[in-house]
Number of protein chains: 2
Amino acid sequence: MSGTNSTNPAVQGGGPAIVLVQPQLGENIGFAARAMLNCGLTELRLVRPRDGWPNPKAVAAAAGADAVIENARLFDSLAEAVAGLRHVYATTARPRHMIKPVVTPRRAAAELREFTGRGEACGVLFGPERWGLTNDDLVLADTVLSVPLNPAFASLNLGQAVLLVGYEWFQAGEATAPRVLAGAEAEPADKAALMRFFEHLEAELDAAGFLRVPEKRPSMVRNIRNIFQRAALTEQEVATLHGIVTALSGRRYGGKPRERE
Amino acid sequence: MSGTNSTNPAVQGGGPAIVLVQPQLGENIGFAARAMLNCGLTELRLVRPRDGWPNPKAVAAAAGADAVIENARLFDSLAEAVAGLRHVYATTARPRHMIKPVVTPRRAAAELREFTGRGEACGVLFGPERWGLTNDDLVLADTVLSVPLNPAFASLNLGQAVLLVGYEWFQAGEATAPRVLAGAEAEPADKAALMRFFEHLEAELDAAGFLRVPEKRPSMVRNIRNIFQRAALTEQEVATLHGIVTALSGRRYGGKPRERE
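Note that this is a predicted model, so its numbers are computed, not measured.

**Q** Summarise the relation of the copies chain B and chain A; cite the residues concerned and give the values.
**A** Least-squares fitting of chain B to chain A yields an RMSD of 0.1 Å, with the transformation described by 0.1 Å of translation along the axis and a rotation of 180 degrees. Seen this way, the second copy is the image of the first under a two-fold rotation axis. In this assembly, 100% of the residues forming the interface of chain B have copies in chain A that are likewise at the interface, indicating an isologous arrangement.

Written as structure tokens, this is what we have:
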């Protein structure tokens with residue numbers, strides 16, 4: 001699926017670094033890179049990837065996010081990877097025996113936008129696939145980022161976790177209208193055109209005897225008009241409906257347009 | 001990574017059906033099922049999956065979301081798959097030559113919560129991996145759901161698209177506080193305990209000559225107190241800091257706690 005157009009500045013970089021701590025599978029590094037670029041994030045840092053670096057499986061799984069993979073930086077320790085950062089978030093479940101602020105991805109995104117907007121470098125840490133970040137890793141982070149999910153089935157793979165954090169980052173800088181009517185730029189019909197159609201339709205319905213009970217006619221007409229009113233028709237669609245009414249009423253009279261009575 | 005606890009009713013079902021139209025790879029059906037259960041969605045409908053059904057690759061990729069896979073319903077056409085639904089969303093890019101409301105995933109989630117809260121069955125359509133939903137598919141939907149992403153790299157795989165829609169569905173029913181201090185339930189120190197620590201520290205700093213310039217002393221004391229004030233210490237941590245000050249000042253005098261002067 002494809003996204004809508006955007007002039008989001010995140011696409012030009014400047015977002016938080018994504019720091020993968022001891023990632024195990026090259027594929028997952030690739031999925032993470034793809035998810036990052038989907039969300040306009042480009043700075044990938046790797047701490048001791050298990051299968052070494054570079055890793056061809058990461059390139060294949062990145063599915064075109066080559067620039068992220070090629071520019072990834074390698075570190076021997078998490079301390080070195082975060083050394084240049086001013087605000088560090090660690091993705092994990094809520095810590096049990098450690099006092100630490102815990103934020104949702106949405107709140108983290110708002111905070112990251114604020115920090116990076118002031119030019120303060122930020123990073124988000126993701127632990128190894130199997131066991132996640134250790135308590136020693138967490139101590140290097142300011143804040144825990146925990147994703148609210150079905151508590152009975154909350155485990156995400158690495159690429160999905162990166163996607164959700166990146167998605168919130170992107171949305172926090174987005175101005176896409178929550179609901180629009182696409183395609184409606186093309187000539188919405190004016191109300192006079194709509195009235196002409198109503199009159200055409202009702203004349204044919206009168207002729208066909210559909211509106212023959214006088215006391216019911218006003219409410220039937222209102223209901224029918226309301227159906228077409230609600231459809232927010234274009235001029236082209238109104239023309240199509242005129243044609244439909246003409247064709248249907250013609251067919252009743254043997255395939256030829258009927259004479260007006 | 002794991003999520004936080006939740007009493008989200010979505011986990012008990014009642015969310016929108018996820019309708020995969022002609023999915024190609026069994027793995028992707030499995031990834032979609034896993035993402036669904038992560039987000040408390042359980043109703044999967046499949047329209048003509050390319051490699052038949054059931055598909056062992058889907059089970060493997062579902063990584064434990066077996067119930068979603070086992071309860072998936074199979075349909076010969078999209079029209080049959082959506083027949084029982086009252087509100088249908090189609091995930092795709094904005095349509096070019098079709099007038100259709102277009103919503104963000106967040107807006108869709110709010111609408112879906114409202115509809116399902118009234119007991120009105122809803123569904124979200126996802127097209128085949130390679131080419132997405134066709135215009136004929138779109139006509140069966142009320143609304144287009146389009147994910148704002150990096151326009152230069154917007155393509156998501158099927159499981160990721162399902163995850164983002166499900167994630168927004170789950171968050172729309174969530175009451176997780178955006179920012180909390182985890183672990184802070186355990187005895188925050190009272191201000192008297194904090195004052196006793198300040199006095200202990202400052203007495204030792206006076207003795208060590210660190211605060212020896214009288215005109216600077218007040219501001220130095222304020223700055224030092226502020227550091228510890230900001231750390232929001234527990235009683236246990238205050239006790240640890242007393243120990244640190246005692247140990248450090250003892251070491252200056254040859255490893256034994258120093259006599260008060």
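**Q** If you had to explain the environment of R48 of chain B to someone new, which residues and values would you point to?
**A** All names here are of chain B. Counting through the fold element by element, R48 comes out in the loop between β2 (44-47) and α2 (56-62). Measuring from C-alpha to C-alpha, the distance between R48 and Q22 comes to 5.0 Å, with 26 residues separating the pair along the chain. Residues within four places of R48 in sequence aside, it is in contact with Q22, F75, D76 and S77.

**Q** Summarise the interface of chain B and chain A; cite the residues concerned and give the values.
**A** On the chain A side, the residues contacting the 67 residues of chain B number 67 residues. Roughly 6,100 Å² is buried in total at the junction of chain B and chain A, and carbon and sulfur atoms are behind 58% of that figure. At the junction of chain B and chain A, the tally comes to four salt bridges. A salt bridge links E168 of chain A to R106 of chain B; the shortest N-O distance between them is 2.9 Å. Counting the contacts that link chain B with chain A gives 22 residue pairs in polar contact (both at pLDDT 80 or more). Secondary structure elements with two or more residues in the side of chain B that touches chain A: α1 (26-38), β4 (87-91), β5 (100-103), α5 (105-117), β7 (143-145), α7 (158-172) and β8 (179-182) of chain B. Considered class by class, the residues forming the side of chain B that touches chain A number 36 nonpolar, 21 polar and ten charged.

What counts, and at which threshold
- Throughout this document, residue positions are counted from 1 along each chain, in the order its sequence is written.
- Going through the entries in the order they are written, you letter the chains from A and number the ligands from 1.
- Predicted model: local features are reported for residues with pLDDT of at least 70 only, side-chain atom pairs are reported and counted for 80 or more only, and whole-chain, interface and lining totals are derived from all residues.
- With hydrogens and water stripped out, all remaining heavy atoms of the structure feed into the side-chain values.
- When the copies are superposed, the least-squares fit takes in the C-alpha atoms of residues with a pLDDT of at least 70 in both.
- Whether two residues are in contact is decided by their heavy atoms: any pair within 4.5 Å suffices.
- By the criteria applied, helices consist of DSSP H or I runs no shorter than four residues and strands consist of E runs no shorter than two, each listed in order from the N terminus.
- When two components associate, each loses some accessible surface as probed by a 1.4 Å sphere; the sum of these losses over both components is called the buried area.
- Any carboxyl oxygen of Asp or Glu that lies within 4 Å of a side-chain nitrogen of Lys or Arg is treated as forming a salt bridge with it.
- Here a polar contact is taken to be a pair of N or O atoms separated by no more than 3.5 Å, where protein atoms must pair a possible hydrogen donor with a possible acceptor and residues adjacent in sequence count only if both atoms sit in side chains.
- Charged means Asp, Glu, Lys or Arg here, nonpolar means Ala, Val, Leu, Ile, Met, Phe, Trp, Tyr, Cys or Pro, and polar covers whatever is left, Gly included.

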